[in-house]
Amino acid sequence: MAEIELDGVSKVFDDGYEAVKDMDLEIRDGEFMILVGPSGCGKSTALRMIAGLEDITRGELRIGGQVVNDLAPKDRDVAMVFQNYALYPHMTVRENMGFSLQLAGVDKAEINRKVEEAARILDLSDHLDRKPANLSGGQRQRVAMGRAIVRDPKAFLLDEPLSNLDAKLRVQMRTELARLQSKLETTTVYVTHDQTEAMTLGDRVAVMRAGVLQQVGTPGELYDDPRNLFVAGFIGSPAMNFMPAEVSDGRVKLPIGEVALGEQDGGAVPSGRVVAGLRPEHFEDASLVGDELKRERGIEFEAEIDLVESLGSDLYAYFRIASEGIESEQLADLVNESIGETGAANLVEGEEQIVARLEPASKVRRRERARLWVDASRLHLFDPESGENLSRGGAGVGAAV
Amino acid sequence: MRRGTSEYALWSIGIVLVLVFALIPVLWLVSLSLKPPDAITDQRFIPAEVSFDNYKSLFEGGIGDSPFIKPLINSLGIALITTLVAITLASFTAYAIARLEFPGKRLILAGALAIAMFPPISTVGPLFDMWRSIGLYDTWPGLIIPYLTFSLPLAIYVLVAFFREIPWELEQAAQVDGATPFQAFRKVIVPLAAPGVFTAAILVFIFAWNDFLFAISLTSSDASRTVPAALAFFTGESSFTQPTGSISAAAVVVTVPIIVFVLVFQRRIVAGLTSGAVKG
Amino acid sequence: MEASAPAHPAPASSSPGRASERTRSERRLAWMLCAPAVVAMLAVTAYPIGYAIALSVQEVDLRFPDQGGFVGLDNYRAVLTSDLWWTDIFNTVFILVTTVAIELVLGMAIALVMHRAIFGRGAVRTAVLIPYGIITVVAAFAWQFAFAPETGFVNNLPLVSDEMDWFGGRFSSFAVIIMAEVWKTTPFMALLLLAGLVTIDGQLYEAAKVDGANAWQRFTRITLPLMKPAILVALLFRSLDAFRVFDTIFIMTRGAQDTESVSILGFNQLISRLNLGLGSAVSVLIFFCVFLIAFLFVKGLGARVEEGRPGG
């Protein structure tokens, strides 16, 4: 068990493509750290650099305090679980799991002991003498885990280990993984593109985009206090709604209404054109909100509902607001990544689509006008060019007009 | 990459070694062929002096007397005809095997495989006798027929592998789009099948071009003697010396086209040779 | 001219119910398409092998056409008791084992180069195909001229004795023959092995790296075991080919210095001495040997031939 430090680590490929740009990340001993981001963001490359499967172009990588840039994978004492498991097809489960120990010269009795112990933990004891081809997807995944556990390494590196499983199995394995990690207390670095996995599994989550680390923090921190537009829109499902807004004279003018700009804890005061972000869960059916709350903070507005999705525990209402559209690179990235997956904003000319999560008791209906309310104290304001969160360090905005 | 330069160096050495391995005999032949007749025994790898005498003597005497021209024509003609016929027959068979359902498919493929493993020497005796009785001895068909037999398995396997990859529904899609069956076949299937057919043709041609055993067993004169056989019977300056120079020149003449050929089509040939080794 | 379908089904057909008209016409078409090729293949193999067996049990010497007649197994007895036959079997097997062994190692090395080459793939492929495309006889001449006492350059090389008479002795002749054979057919072996190499998932090597395997261990514990089927098929086809060695020996020594192979023996009997009876017996015996090798590989070692290929 050891801590892993990336210090200014960069990876430039032979053709000049910079996959990871100057990454600083500290992973504590025993921590479950998630690297999350859209495909191509560099998370897998970063993981492979930690493993030693990719050379580090610049910067230092330290495992347990020791600089390991030039160490071969086998000398780093890390274990890796591959996306496609990479199980040796010609070896039995037992041989697969014992391979690394055999290479290290451990004696047979000891190998058997360790393999059997790992098999017990993973519920593979009945399958030890079978070959991978005869196992189910979930069993293969566990063998891949077993191969890593058996080595008792300084760290586990997992590259999208659940992405090849069907949805139900994935959820099941997620809990298993979490349980396993907390039991073994081994430092774990886990790569995924699924923000749900990231939020549920990690002690801390590192969001990456285009090779650059955007933000590192606990799931709660990322959710409540995103550093920029990308993180705000990437974390949380359905994704945060974005709309253009204008700040002047201490007031924020949104397409749906106006609010007073709240107190800012130092830093720049936002002004001029901004991007406003409001999460679906911060909307509510106005008729279900107490009058006091309405007065204290928030905006009440009317909208025509396009679509209603009723999930029993929640109600999702989709509606459109007028807007001149938003130009933002980070927003474009988010849209590309999650179109279809969540209710991400569709940038139709002159209109923005908004998703609101309402109480199931709400009576809003399709093609009807409804009165909705949004908690303005949860408003985020972002700089349209840099994407930076302008409203950090403070609750945001004050009472409605 | 820190490992970069030493890796590059190692692979470069490997590639150079492979190239040297492949080319030394060829270069040696070129060298020998360019040596003037009196320098043939100087044992040098690179000739001290370059002369084209050997090449001239090959073509001296025109078709009638030159020891080389007629065999060259024989080789070309026989190989081309064999290729054309073999590809046609193999295409029909491969089409049937790849597309149609019928009993005996496995048998034909297994049989083809068995024939490929067959020792040709075992058929030389009977063929010698049979051809002499029928009058096919020392004729073009006399060689073309056994060549067909032994190249068909190769052609069938390669073509079956290629044809299995063709999405035949395209033909129907074309017909729905308004093409007649013949148009569909010509415009959709033929272009897709062409690479496979071409590859198989190359392999058959090389096979027929290369044969020695049948050529020396079933021929006795320039009427149908092919180049490999002719080379074995080249005469030298006296009956005691080997005509090293002329053989080398002849060898170069028949090899250079092959090298050019291989250079241009290496991707296809490798695809054809390894296609049968991949399942389905 | 099919009669239209009768009202009642045909009695006791092998397939459940009657095969539909469509299936039957498909079958007919298929057989018609295959027929020419099948006939061509059988005509020169099935018939002649039968004829060869027939010839082998007679005394047929074309130099003495008046003598003749059924002699039972006399020809076989003559062959199997002759020293020459057994010497030739030894020669053939000796060449087979040495060439195939060398080709396996060299071919594997070349296959690895072709597989992992970062650049120059086209050059390597071409280089590898030149020996394949060259006429065997031409290659044999090239090697022969290189080692010939008067004209060859090999004797000029630093480590080689100037007076070495390569074709004057048995095993030195074998050396040259083997070198020429290996040169000619290693590329083909390399291609067969390459086909097997590409089927191995690259991530297995990464996993092995992380597990602690060095390059040699990755080769012996991952690559070789997973290549076993391809290796067996390659060995099978090359062995069958190697047993039939003819061209190279013919050109280099004509079989002198006790380097004769069984195919040359057959040729000498049939074509040079026109003794068709004896020669046919030799042919049939060769056929059995080849069959035996194939049998040993498929049944004994489990070579899976449907995944392999013929030719070469």
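Residues numbered from 1 in each chain as written. Chains lettered and ligands numbered in written order. Predicted model: local features only at pLDDT ≥ 70, side-chain atom pairs only at ≥ 80, totals over all residues.

Chemist: Quick question: what am I supposed to make of the overall build of chain C here?
Modeler: Looking only at helices and strands, one finds 11 helices and two strands in chain C. Mapped in sequence order, the helices and strands of chain C form the string α-β-β-α-α-α-α-α-α-α-α-α-α. In chain C, buried positions account for 46% of the 312 residues. A separation of at least 24 residues holds for 71% of the contacts in chain C among residues at least 6 apart in sequence. (Helix = DSSP H or I, 4+ residues; strand = E, 2+ residues; numbered from the N terminus. Buried ≥ 20, exposed ≤ 12 C-beta atoms within 10 Å, placed from the backbone. Contact = placed C-beta atoms within 7 Å.)

Chemist: Looking at this structure, how should I read the nonpolar core?
Modeler: Proteins that are soluble and globular tend to have nonpolar side chains buried together. Residues and elements named next belong to chain B. Counting 165 residues, the largest nonpolar core has A90, L152, A155, L159 and V204 as the members making the most contacts within it. A total of 17 residues in this core trace back to one element, the largest contributor, which is helix 7 (residues 140–164). Both domains that furnish three or more residues to this core are identified here as domain 1 (1–51) and domain 2 (60–275). With near-sequence residues (within four places) excluded, A155 lies in contact with A86, I87, A90, A200 and V204. (Core = buried A, V, L, I, M, F, W, Y, C linked by C-beta atoms within 7 Å. Domains from an automatic or database assignment.)

Chemist: What exactly am I supposed to notice about helix 3 (residues 93–103) of chain A here?
Modeler: An α-helical segment advances 3.6 residues per turn. Residues three or four places apart therefore align on the same side. Helix 3 of chain A sits mainly inside the fold: eight of its 11 residues count as buried. Among the structural elements, helix 4 (108–122) and helix 5 (137–149) of chain A together with helix 7 (202–211) of chain C are those in contact with the buried residues of helix 3 of chain A. Just past helix 3 of chain A, the residue G105 of chain A takes up positive phi, approximately 85°.

Chemist: Looking at this model, I keep getting lost on the interface of chain A and chain C. Mind explaining?
Modeler: A common measure of how large an interface is: the accessible area buried when the components associate. Contact with chain A, which involves 16 residues of that partner, is made by 14 residues of chain C. Contributions of two or more residues to the side of chain A that touches chain C are made by helix 2 (73–76), strand 6 (78–81) and helix 3 of chain A. Residues that form the side of chain A that touches chain C fall into these classes: 12 nonpolar, three polar and one charged. (Nonpolar A, V, L, I, M, F, W, Y, C, P; charged D, E, K, R; others polar.)

Chemist: I would appreciate a short explanation of the packing of helix 4 (residues 121–133) of chain C against helix 6 (residues 170–197) of chain C in the present structure.
Modeler: In helix packing, the relevant descriptors are the interaxial angle and the interaxial distance, both defined with respect to the helix axes. All names here are of chain C. It is the contact of helix 4 with helix 6, at a shortest axis distance of 7 Å, that shows an interaxial angle of 125°. By the criterion of interaxial angle, the relationship of helix 4 to helix 6 is oblique. For helix 4 against helix 6, the interelement crossing comes out left-handed. In this structure, helix 4 contributes V128, L129, P131 and Y132 to the contact, and helix 6 contributes W183, K184, P187, F188 and A190. Split into classes, the residues belonging to the contact of helix 4 with helix 6 amount to eight nonpolar, no polar and one charged. (Axes fitted to C-alpha atoms, helices over the stretch in contact; angles between N-to-C directions. Parallel < 35°, antiparallel > 145°, perpendicular 65-115°, else oblique. Left-handed = near helix turned anticlockwise from the far one by under 90°.)

Chemist: Could you clarify how one ought to interpret the domain arrangement of chain B in this entry?
Modeler: All names here are of chain B. Examined at the domain level, chain B breaks down into domain 1 (1–51) and domain 2 (60–275). Of note, the centres of domain 1 and domain 2, computed from C-alpha atoms alone, are 31 Å apart. Taken together, the contact between domain 1 and domain 2 spans eight residues of the former and seven residues of the latter. Within the side of domain 1 that touches domain 2, the residues separate by chemical class into six nonpolar, one polar and one charged.

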